[in-house]
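# Tertiary structure, described
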Amino acid sequence: MTTYFAPLEGITGWVYRSVHHQMFPGVTAYYTPFWAPTLDSPLAGRGLADVLPEHNQGVPVVPQLLTNQADAFLAAARMLRDLGYQEVNLNLGCPSGTVVAKKKGSGFLGLPEQLDVFFDQVFSAGLEIKISVKTRVGLNDPDAWPDLAAIFDRYPISLLIVHPRIRRDFYREPVRLEAFQYAADHIHLPLCYNGDLNTPQDCQDILTRFPTVDRLMLGRGLVANPALVRELAGGPALTKNELLEFFHRLTEAYRQVLFGDHAVLGKCKELWFYMGCLFTNPEKYLKAMRKAKTLTDFTLAVDALFRDQDLKPGGHFSL
């Protein structure tokens, strides 16, 4: 079984990946939060900082791009290749309204003919780098999935990561397992399943239902429980002590690279939106974290949560 860490904007940047990989090794590759290259600026700003080799030493990383322009994709992919990367990923899954309005992310799925031309241009360029794709199963019409699947299947995509929801499902509606079954039955590319993998049992259920698929991409569930991949492999369950150590290591790592505690506080609040669900009765403490104006107050609320509450048994939680 192969496991990948899905990108979460604002959370799984290079600082987070470094600390997570040190404490919880076992993830096959970390996919970066996307950036949107242009032909004039294929790799700049935050996108460049996140993929600099010196920021990712010893961490297996796959950069992710968000674009509907083949020239911009190719320019960025060439730069990533020159930085030493062996794979680049195209984001066709982001459901954000601003992204979709620009016909990028899952918005690009609503233009199948243009998507086909995009792939033809990209794969005919002879790039010496693998090209993987992370996709939803449609924009607003689930009946569009067979035609989209046929487009993907025409090209030498190194890995097709399928999140079986359409754009308007966002992350709220149930995953459409029948759509992933269609992919498993009709697409001849290497497939990876992504979506609602929050516990080891969730992962096992998918592997059982789709016996020809042995690749999983975990996102929100892995942010909530940083030991999830270890537990899935039969290792020990997450403990309160190591979760607290993870939080403090991550906080210190952010303080080394971010300007001021306010920026660190924002990162911590995003993280605990997910990790808080691991605990019994966390609401009072999470409210205090949300209201905290300083990193000191936030850390006091975290320490109180660890002192007063326990982790839920068996890793059972929902997001």
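Notes on the structure follow. (Residues numbered from 1 in each chain as written. Predicted model: local features only at pLDDT ≥ 70, side-chain atom pairs only at ≥ 80, totals over all residues. Heavy atoms only, no water.)

### Some points on the packing of aromatic side chains
Applying the stated rule across the entire model yields 22 aromatic pairs. Measuring from centroid to centroid gives 5.9 Å for Phe247 and Trp272, while their planes differ by 75 degrees, and the two rings are edge-to-face. Linking Phe247 in helix α11 (residues 240–257) with Trp272 in helix α12 (residues 261–275), this pair joins segments that are 25 residues apart in sequence. For the pair formed by Phe247 and Trp272, the shared burial category is buried. The positively charged end of Arg136 is found above the aromatic ring belonging to Tyr171, 4.8 Å away from the centroid. (Phe/Tyr/Trp six-rings, centres within 6.5 Å; stacked < 30°, edge-to-face > 60°. Helix = DSSP H or I, 4+ residues; strand = E, 2+ residues; numbered from the N terminus. Buried < 20%, exposed > 50% of the residue type's maximum accessible area, 1.4 Å probe, protein only. Lys NZ or Arg CZ within 6 Å of the ring centre and 35° of its normal.)

### Points about the sheet that holds strand β9 (residues 215–218)
Taken together, nine strands build an open sheet; the order of strands is β3-β2-β1-β9-β8-β7-β6-β5-β4 and the sheet is parallel. Looking at the sheet topology across the chains shown, the edges are occupied by β3 (61–62) and β4 (64–65). Where strand β8 (residues 191–194) meets β9, two bridges bridge the pair, whose relative direction is parallel. Pairing of Asn194 across the sheet is with Met217, part of β9. Together, β5 (87–92) and β6 (130–135) form the strand contacts of helix α5 (residues 112–123), whose direction differs from that of β5 by roughly 170 degrees. (Pairing = 2+ DSSP bridges. Contact = heavy atoms within 4.5 Å. Axes fitted to C-alpha atoms, helices over the stretch in contact; angles between N-to-C directions.)

### Concerning the state of the cysteines
Under the criterion given, the structure shown has zero disulfides. With no disulfide of its own, Cys203 lies closest to Cys192 among cysteine sulfurs, the gap being 11 Å. Given the relative accessible area of 0%, Cys203 is considered buried. The structure places no disulfide on Cys277, whose sulfur is separated from the nearest cysteine sulfur, that of Cys203, by 14 Å. (Disulfide = S-S within 2.5 Å.)

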